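# Reading the structure
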Amino acid sequence: PIPPPPGPLVNDGLLLVNDPSHPFIQPGPDDLRGPCPGLNTLANHGVRKTLRPTVSEFHFAEFNQYLPRSGVARPDQLVTAVMEGFNLGNDFARFLVYQAHLIDGNPITNLISIGMKTPQTGPDPPAPAIVGGLSQHGTFEGDTSMTRVDAFFGNPAIFNETRFDEFSAFSMQFGVNGTYDINAAAELRHQRLEDSIQTNPELSFQSPRILSAFSEAVFPTIFFVDGRLDNGQLNLQAARSFFQPNKFPDNFFRQPAPVSFPTIQPLTQQLFDKHPFVPGMNNGTNNFIELPDTPALSDFCGIYDDIVNRVLKTQYPNPSGPLLEALQTNLNFLFSAVEGHNCTQAFPFGQ
Ligand code: HEM
Ligand code: MG
């Protein structure tokens, strides 16, 4: 049986999350890290090496804090970790996690890699399923990232200093007091798209990547800012700590209350309104073909539907048996996250 995602935190307030029971330890050679600075950080502050439990032992609550340092986790552990470590709201956490698990994880073993594909997630379901982990390009990971290069230019999962220098420059130029704030985010997000249009012949910028790109531009202004300050202004020292060593700053406190769609969506809309765009893809450099019939950033239910009926269905055209059951279960978990949006539930494999 697949463990269901946890409900909301019982104690959901301000909390010191970089505490002595969650020390930073550099990942070892076998530990997987990927394109998400948030999850990498939770793994680097995860269960202590000396206590490293087997997967089944993770059912004990005391181990269920942040992420396994291996970088391989169950989706319900990921939901718990992002709630505990950053105070993501429960539905928002479910949305990110079950989307990721369905397209990058192994539904049979119920494990996902936060980095590249690995045997640690167990035997794969049949192709064209990928089970590629979060580093898999063209699934959840996509183009125009802030601190990573597009897959066309190299490994899109690893920190890139040139990219971070640009992140810093935009913060200095557009942010209040040289911080990464919503104004810096708006300009950088625009510039990253423009840059890829000019230079990446294989640029793709459409659903679902457009939603993650805009959300992730907003995340640092919220989740990477100390919850005691919570002013939407991320200083560059803390930014580097999260993006590069993937380390909580000293004495870091998480958000003072759970943060969910009602906070994130207006901010992504604000970014969009400053620099609107139509989804599309390059056909050669500087030749952006608009795809106005694909879901727009504002069309949340359209993007949900696209994830399930196109992205997922491409990997699982005709599943059966236990695989089908596992997919249906995870699809229900995903839908539980979007109910607040009044979307119609999608059933790519029938009801
Ligand atoms: C990027 C997954 C939670 C912050 C990414 C990417 C993935 C991902 C696949 C790469 C997308 C790309 O740039 O191409 C997830 C999943 C989460 C999660 C499955 C589960 C809840 C978080 C949290 C934070 C966070 C809690 C912050 C505290 C970011 C940021 C980026 C990112 C800032 C952009 C990196 C960049 O553009 O350089 N995430 N993430 N994520 N994530 Fe997460
Ligand atoms: Mg990327």
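Check the entry above for the structure.
Residues numbered from 1 in each chain as written. Chains lettered and ligands numbered in written order. Predicted model: local features only at pLDDT ≥ 70, side-chain atom pairs only at ≥ 80, totals over all residues. Heavy atoms only, no water.

### Considerations on the packing of aromatic side chains
Per the stated rule, a full pass over the model turns up 28 aromatic pairs. Ring geometry for Phe170 and Phe174: centres 5.5 Å apart, planes at 40 degrees, overall tilted. Of this pair, Phe170 and Phe174 are both found in helix α4 (residues 161-174), four residues apart, which corresponds to roughly one turn of the helix. Just above the ring of Phe24 sits the side chain of Lys247; from NZ or CZ to the centre is 5.6 Å. (Phe/Tyr/Trp six-rings, centres within 6.5 Å; stacked < 30°, edge-to-face > 60°. Helix = DSSP H or I, 4+ residues; strand = E, 2+ residues; numbered from the N terminus. Lys NZ or Arg CZ within 6 Å of the ring centre and 35° of its normal.)

### As for the site of ligand 1
Taken together, the neighbourhood of ligand 1 is formed by 25 residues, with Cys36, Gly142, Ser145, Met146 and Thr147 sitting nearest. Here Gly142 contributes a backbone N or O atom positioned 2.9 Å from an oxygen atom of ligand 1. Backbone polar atom of Met146 to an oxygen atom of ligand 1: 2.7 Å apart, as the coordinates give it. Contributions of two or more residues to the shell around ligand 1 are made by α1 (37-44), α2 (75-86), α3 (90-104) and α6 (209-222). (Near = heavy atom within 4 Å. Polar contact = N/O pair within 3.5 Å; in protein donor to acceptor, adjacent residues only side chain to side chain.)

### Some thoughts on the state of the cysteines
Disulfides are covalent bonds that connect the sulfur atoms of two cysteines. Using the criterion set out here, one finds one disulfide in the structure. Each sulfur of the disulfide joining Cys301 and Cys343 lies 2.0 Å from the other. Between Cys301 and Cys343, the S-S dihedral sits near -85 degrees, and the bridge is therefore left-handed. Note that Cys301 is positioned in helix α9 (residues 300-315) and Cys343 in the segment after α10 (321-338), a separation of 42 residues in sequence. Residue Cys301 is classed as partly exposed on the basis of its relative accessible area of 24%. Residue classification places Cys343 among the buried residues on the basis of a relative accessible area of 9%. (Disulfide = S-S within 2.5 Å. Buried < 20%, exposed > 50% of the residue type's maximum accessible area, 1.4 Å probe, protein only.)

### Comments concerning the coordination of the magnesium ion (ligand 2)
For the magnesium ion (ligand 2), every protein donor is listed as Glu141 (OE), Gly142 (O) and Ser145 (OG), and the spread of their distances is 2.0 to 2.2 Å. In the primary sequence, the donor residues of the magnesium ion (ligand 2) line up as E-G-x2-S. Judged by relative accessible area, which is 13%, Ser145 ranks as buried. (Donors = N, O, S within 2.8 Å, 3.2 Å for Na, K, Ca; no water.)

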